[in-house]
Amino acid sequence: MEVRLILGDQLNAGHPWFKETHPKVLYLMMEMRQETDYVRHHAQKVLGFFAAMRRFAEHLESQGHAVRYLKINDAQNRQNLKENLETVIKAAKAKAWAYQAPDEYRLDQQLQEIAKHLALPYRMEDSHHFLTQRQDLAEHFKGKKTYLMESFYRAMRKKYGILMDPGQQPAGGKWNFDAQNRKKYQGSPSIPKPWVKNHNLEYLWKELEQAGIQTLGQPAAEAFPWPLDRQEALDQLNDFTERLLPWFGDFQDAMVRQTWTLWHSRLSFALNTKMLQPLEVIQAAEKAWRQNPEVYPLHAVEGFIRQILGWREYMRGIYWAHMPSYAQMNFFDHQNPLPAWFWTGKTKMRCLSEAIGQSLDKAYAHHIQRLMVTGAFGLMAGIHPDELDRWYLGIYIDAIEWVEITNTRGMSQFADGGIVGTKPYLGTAAYMHRMGDYCSSCPYDRNDKTGPNACPLNSLYWDFYARNRNKLHNNPRIGMMYRTWDKMPPDTQKEIRSRAAWLLEHMDKL
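Residue indices begin from 1 for each chain and proceed along its sequence in written order. Where totals are concerned, whole chains, interfaces and linings use all residues; where local detail is concerned, this predicted model gives features only for residues with pLDDT of at least 70, and gives and counts side-chain atom pairs only at 80 or more. Note: side-chain values were computed over all heavy atoms of the structure, leaving out hydrogens and water.

1. What about the overall build of the protein chain?
Part 1 of the reasoning: The numbering of helices and of strands both runs from the N terminus, where a helix is a DSSP run of H or I of at least 4 residues and a strand a run of E of at least 2. If you tally the helices and strands in the protein chain, you get 20 helices and seven strands.
Part 2 of the reasoning: Here the globule rule reads 2.2 Å times residues to the power 0.38, and the radius of gyration is calculated from C-alpha atoms. Radius of gyration (C-alpha) of the protein chain: 24 Å, near the 24 Å computed for a compact globule of 510 residues.
Part 3 of the reasoning: Principal-axis analysis of the C-alpha atoms places the extent of the protein chain at approximately 80 × 55 × 50 Å.
Part 4 of the reasoning: Any residue under 20% of the maximum accessible area for its type is buried, any over 50% is exposed, and the rest in between are partly exposed; the area is computed with a 1.4 Å probe on protein chains only. Per-residue burial over the protein chain gives 59% buried out of 510 residues.
Part 5 of the reasoning: Whether two residues are in contact is decided by their heavy atoms: any pair within 4.5 Å suffices. Once local pairs closer than 6 in sequence are excluded, the contacts in the protein chain between residues at least 24 apart make up 75%.
Part 6 of the reasoning: Taken as a whole, the protein chain presents about 21,500 Å² of accessible surface, with 49% of it coming from carbon and sulfur.
Part 7 of the reasoning: In the protein chain, which carries 64 positive and 57 negative side-chain charges, the distance between the mean positions of the two groups comes to 3 Å. Here the accessible surface of atoms and residues is derived via Shrake-Rupley with a 1.4 Å probe, and residues count as covered only by protein chains that are part of the display. In this charge count, Lys and Arg are treated as positive and Asp and Glu as negative; neither His nor the chain ends contribute. To locate a charge, take NZ of a lysine, CZ of an arginine, CG of an aspartate or CD of a glutamate.

Here is the structure:
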């Protein structure tokens, strides 16, 4: 007998393991406090993972595979990977065991330690999901200090023949159409209703409550909106390509209070649990463009594909190239705690109350809300990257460490000193007003920098650059900021920094 472990983010029905049934193979899946408790997760995240895992186990059984599934309240569940694995292997009298390569460093290390302890034949197999191997990115950038994503993205386009014309030339004559994907939404076209499922998961929510699992956010257990199996994930993909992709590019950076979805795909949960494969998502978008380019603009399709073929694979490569040291990087030596309202959304700053409130309600925010609202505030406010990592990892349904920490510590907080991003990403109220409608209902004055009612982002923005000048002044991408700062009268600079100092001292009151 061989026991094969399947982790909660390895719900890949197309994995080679499942092509044939084997009478001497037992698949092991488990819901564990080890996984629910290492950070405080959003209620929908726990519900989504457990419900999808249960469906996947049922699917395997329906195909004739033997499955041992430990639910959260099973009497035999030891609530940690090592003890559960040992118990099941012993009960099955297994002579060997196997697992798919985990995507998180902590689980990779834990499984290596378990393998040493068990002293049984074992093997680690590929998860057959990603388009690169763990170390491919490090090899691509060998000998270089910075990892320019655009270089990697172009190589991936060529390797997989995505959006390529004959002669290895990019479709449309350009590799990147990002400049066309930054429009503010101003009421037209009409925003479509989002694709959602209405699963009743109240039974599972009761199990989580009985187990005493502490979560955050709204469970939405009576009408759970996310896909829970491959067919539902495919339905969500088809809905995106048919209804949303044509306008995705124009408004992918827009922020609108009236909707939580806009034209975003929201496929990240299905992708990160491996219910969908990245290549099938990429090819679906490309196929739509090639069959009907008048409906599907190239800038929309390229922008979407870049997020998966480029950014997603790139971030995974960064993770495996730099862990575990990446988790300790703190380039600016930020030490401030996370304001209490990050857990409630109760702040007067409309942009942050909207982004955080939506996250608590839906376990989701799109990339600009994460980067330029919550992320930019955390950076300007000097929040310790550890605190932001825990928050981002917990609150979003798609958050798994390999993709969360690289986006948070790298892209959002510049805590890696420039491995991921070429500059810190932050903005004043002018950016918020340019890309969204939050400012129109905010009690703070977006045009004021220093008054008692001035938008906090305005003074925090300039204070960030002033206090970090010794670390940033040589960065060619932000030289203009320092030239602008230096032209300000000394009294103005003093007022801005005084306002910022007050804000940093009273963050919980903002």
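2. A short note on the environment of aspartate 235
Part 1 of the reasoning: Its place among the elements puts aspartate 235 in helix 8 (residues 230–248).
Part 2 of the reasoning: Spatially, the C-alpha atoms of aspartate 235 and tryptophan 195 are 8.9 Å apart, while their sequence positions differ by 40 residues.

3. Some remarks on helix 10 (residues 278–291)
Part 1 of the reasoning: Multiplying one less than the number of residues by 1.5 Å gives the expected span of a helix. Under the 1.5 Å per step criterion, the end-to-end length of helix 10 is 20 Å for 14 residues, consistent within 8% with the ideal 20 Å.
Part 2 of the reasoning: Among the residues of helix 10, Pro278, Val281, Ile282, Ala285, Glu286, Ala288 and Trp289 are the ones counted as buried. End-on view of helix 10: buried residues confined to an arc of 155 degrees, all on one side of the axis. Seen from the open side of helix 10, the exposed residues pointing more than 90 degrees away from its buried face are Lys287 and Gln291. The arc under discussion is defined with respect to the helix axis, by the directions toward the C-beta atoms.

4. Quick word on empty space enclosed by the protein
Part 1 of the reasoning: Cavity means a closed set of points on a 1 Å grid over the protein atoms alone, one where a 1.4 Å probe fits but cannot get out, pocket means an open set with protein on both sides within 12 Å along at least 5 of 7 lines, and lining means a residue has an atom within 4 Å of a point. Grid points are joined across faces, edges and corners, and a volume is the space filled by probe spheres set on the points. For the structure on display, the rule yields three cavities of 30 Å³ or more.
Part 2 of the reasoning: By volume, the largest cavity is sized at about 370 Å³.
Part 3 of the reasoning: As for the largest cavity, its lining consists of 22 residues, and the residues nearest its centre are Gly8, Asp9, Glu35, Phe49 and Arg106.
Part 4 of the reasoning: Among the elements that line the lining of the largest cavity, the one with the most residues is helix 2 (residues 43–62), at five residues.
Part 5 of the reasoning: Across the lining of the largest cavity, the residue classes break down as 13 nonpolar, three polar and six charged.
Part 6 of the reasoning: Cys351, Ala429, Cys439, Cys442 and Cys455 are the residues nearest the centre of the second largest cavity, which is lined by 13 residues in total.
Part 7 of the reasoning: Of all elements in the fold, only helix 12 (350–362) and helix 16 (429–435) reach the threshold of two or more residues within the lining of the second largest cavity. Amino acids are sorted into nonpolar (Ala, Val, Leu, Ile, Met, Phe, Trp, Tyr, Cys and Pro), charged (Asp, Glu, Lys and Arg) and polar (every other residue, Gly among them).

5. Details of the environment of tryptophan 485
Part 1 of the reasoning: Mapped onto the fold, tryptophan 485 is located in helix 19 (residues 479–487).
Part 2 of the reasoning: The class of tryptophan 485 is buried, set by a relative accessible area of 7%.
Part 3 of the reasoning: Between the alpha carbons of tryptophan 485 and proline 324 there is a distance of 37 Å; along the sequence they are 161 residues apart.
Part 4 of the reasoning: Setting aside residues no more than four positions away along its own chain, tryptophan 485 makes contact with Trp462, Ala466, Arg469, Gln493, Ile496 and Arg497.

6. Let's talk about the layout of surface pockets
Part 1 of the reasoning: What the second largest pocket holds in volume is close to 290 Å³.
Part 2 of the reasoning: Forming the walls of the second largest pocket are 15 residues, and the residues nearest its centre are Ala327, Asp389, Leu393, Glu401 and Ile405.
Part 3 of the reasoning: Looking at the lining of the second largest pocket, the elements that each hand over two or more residues are helix 4 (105–118), helix 14 (385–395) and helix 15 (401–412).
Part 4 of the reasoning: Considering only residue class, the lining of the second largest pocket consists of eight nonpolar, no polar and seven charged.

7. Considerations on the sheet that holds strand 1 (residues 2–5)
Part 1 of the reasoning: The pairing criterion is simple: DSSP has to find at least two bridges between the two strands. Pairing in this open sheet of five strands is parallel, and the strands run 3-2-1-4-5 from one edge to the other. Strands at the two margins of the open sheet, each flanked by one partner only, are strand 3 (66–70) and strand 5 (122–125). With strand direction ignored, the average angle separating the axes of adjacent strands in the sheet is 20 degrees.
Part 2 of the reasoning: With five bridges joining them, strand 2 (residues 25–30) and strand 3 adopt parallel strand pairing. Every axis in this analysis is a line fitted to C-alpha atoms, fitted for helices over the stretch in contact. Angles between the N-to-C directions lie between 0 and 180 degrees.

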